[in-house]
Amino acid sequence: MNLILFGPPGAGKGTQSALLIERLGMRQISTGDLFRAAIKNQTKLGQEAKGYLDAGKLVPDSITIGLVEEVLLDLNGKSFILDGFPRNVTQAEALEQLLKALKLKVDKSVFLEVPMSMLLGRLTGRRVCKNCGTTYHIESKPTHKEGVCDVCGGPVIQRPDDKEDVIRTRLETYENSTRPLKDYYKAKGPYVEIDGTGTSEQVFERITRAIQVKA
Ligand code: AP5
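Caption draft 1: Up close: the side chain of Asp161. Of note, Asp161 is situated in the loop between β7 (156-157) and α7 (164-178). A residue is classified by how much of its surface remains accessible, and Asp161, at 9% relative accessible area, is buried. Engagement of the side chain of Asp161 in a polar contact is seen with the side chain of Arg159, the distance being 2.9 Å.

What follows is the structure, encoded as structure tokens:
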């Protein structure tokens, strides 16, 4: 089962991908995580991407598509979830070509719908472990000990792009570039829209029901 999981910033794509990989053994392909890892490791890709992430803007398509191609080539038959890619119609068309060339297909595109009014609170309250990347929220999923990761004991920080002014740019970028993908994937099918409100477990149950797998 190969999936595209898309939706606005803070919709819960990372949270749901983590549950899907933990319980169904799929491989997550998160372009955001890949860019952040490259920035942390100070690679050439990281240097190219940093300014865009800090500003809440999309990394140029040529860089992003090349990165996804490398990961798809390295799947070794494992099922995948694309989290945060594609993010505009150009990327969606490039993905289609890549999948065709690699004889792969996406079984379902899953759109996570969360009202704009909830997104700001989810994003400003998000905290992440600097070491292992586990995601928390100061209200809905706090760490047991403040500032310390429950999983690895690493420092838990706020993502630099989770500051309010950058979030506003990310939401704008989403509206202009990514939201149009809803119509694109609706027309292509199979496509499903999932209510992303409620607890993470409730959302996960809706997704697994919609993709017809038992978790
Ligand atoms: P990326 O990392 O993909 O950011 P994003 O799309 O903005 O998504 P987020 O990671 O912010 O949110 P999420 O939906 O994963 O939510 P989460 O599960 O963490 O991209 C970052 C940047 O990289 C982009 O701005 C761009 O610069 C670049 N980039 C990435 N992909 C690119 C591409 N394809 N092309 C070009 N550039 C690209 O949840 C958020 C919070 O809410 C957490 O605290 C969580 O605990 C909480 N939460 C989750 N679910 C629930 C729930 N059900 N109830 C209550 N709280 C919840």
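Caption draft 2: A look at α7. For α7, built from 15 residues, the straight-helix expectation of 21 Å at 1.5 Å per residue is met to within 8% by its first-to-last C-alpha distance of 20 Å. Looking only at α7, the buried set comprises Val166, Ile167, Arg170, Leu171, Thr173, Tyr174 and Thr178. Axial view of α7: buried residues confined to an arc of 160°, hence all on one face. Counted as exposed and oriented over 90 degrees from the buried face of α7: Asp165, Glu172 and Asn176. Against α3 (44-55), β4 (108-113), α6 (116-124), β5 (126-129) and α8 (181-188) lie the buried residues of α7.

Caption draft 3: Layout of the site of the ligand. Contacts to the ligand come from 35 residues, most closely from Thr15, Lys57, Arg87, Arg126 and Arg170. For the ligand, an oxygen atom lies 2.8 Å from a polar atom in the backbone of Tyr136. Within the contact set of the ligand, a nitrogen atom lies 3.2 Å away from a side-chain nitrogen or oxygen of Ser140. Alone, the ligand offers 1000 Å² of accessible surface; in the complex the protein occludes 94% of this. For the shell around the ligand, the per-class residue count stands at 11 nonpolar, 15 polar and 9 charged.

Caption draft 4: Broad picture of the packing of aromatic side chains. This structure, assessed with the given rule, holds 4 aromatic pairs. Through a chain of ring-to-ring contacts, the aromatic side chains of Phe6, Phe111, Tyr184, Tyr185 and Tyr191 assemble into a single cluster. Above the ring of Tyr136, the side-chain terminus of Lys141 is found at 5.2 Å from the ring centroid.

Caption draft 5: Representation of the packing of helix α2 (residues 31-40) against helix α4 (residues 61-73) within the structure. The interhelical angle for the contact between α2 and α4, taken along N-to-C directions, is 100°, at an axis separation of 11 Å. Taken as axis vectors, α2 and α4 run roughly perpendicular relative to one another. Facing α2, whose interface residues are Thr31, Leu34 and Phe35, α4 presents Ile63, Thr64, Leu67, Val68 and Val71. Looking at the contact of α2 with α4, its residues break down into 6 nonpolar, 2 polar and no charged.

Caption draft 6: Looking closely at the layout of surface pockets. Within this model, the second largest pocket holds a volume of roughly 230 Å³. Lining the second largest pocket are 15 residues, and of these Glu96, Leu99, Val106, Tyr185 and Lys188 lie nearest its centre. Of all elements in the fold, only α5 (89-101), β4 and α8 reach the threshold of two or more residues within the lining of the second largest pocket. With 5 residues, α5 is the largest single contributor of residues to the lining of the second largest pocket. Across the lining of the second largest pocket, the residue classes tally to 8 nonpolar, 2 polar and 5 charged.

Caption draft 7: Structural detail: helix α9 (residues 200-210). Those residues of α9 lying buried are Val203, Phe204, Ile207, Thr208 and Ala210. Each buried residue of α9 lies within a common arc of 160° when the element is viewed along its axis, so the set occupies one face. Residues of α9 that are buried in the fold lie against α1 (13-24), β4 and β8 (191-195). Looking one or two residues past α9, Gln212 carries a phi angle of roughly 55°, positive in sign.

Caption draft 8: A look at the sheet that holds β7. What the 3 strands build is an open sheet, ordered β6-β5-β7; its pairing is antiparallel. Either end of the sheet is taken by a strand with one partner, and the two such strands are β6 (135-137) and β7. Across the sheet, α6 lies against β5 and β6, angled at about 35° from β5, the strand it touches most.

Basis of the calculations
- Residues numbered from 1 in each chain as written.
- Predicted model: local features only at pLDDT ≥ 70, side-chain atom pairs only at ≥ 80, totals over all residues.
- Heavy atoms only, no water.
- Helix = DSSP H or I, 4+ residues; strand = E, 2+ residues; numbered from the N terminus.
- Buried < 20%, exposed > 50% of the residue type's maximum accessible area, 1.4 Å probe, protein only.
- Polar contact = N/O pair within 3.5 Å; in protein donor to acceptor, adjacent residues only side chain to side chain.
- Expected span 1.5 Å × (residues − 1).
- Arc of directions from axis to C-beta.
- Contact = heavy atoms within 4.5 Å.
- Near = heavy atom within 4 Å.
- Areas by Shrake-Rupley, 256 points an atom, 1.4 Å probe, with all protein chains shown as cover.
- Nonpolar A, V, L, I, M, F, W, Y, C, P; charged D, E, K, R; others polar.
- Phe/Tyr/Trp six-rings, centres within 6.5 Å; stacked < 30°, edge-to-face > 60°.
- Lys NZ or Arg CZ within 6 Å of the ring centre and 35° of its normal.
- Axes fitted to C-alpha atoms, helices over the stretch in contact; angles between N-to-C directions.
- Parallel < 35°, antiparallel > 145°, perpendicular 65-115°, else oblique.
- 1 Å grid on protein atoms, 1.4 Å probe; cavity = no way out; pocket = protein on both sides within 12 Å on 5 of 7 lines; lining within 4 Å.
- Points joined across faces, edges and corners; volume = space filled by probe spheres on them.
- Pairing = 2+ DSSP bridges.

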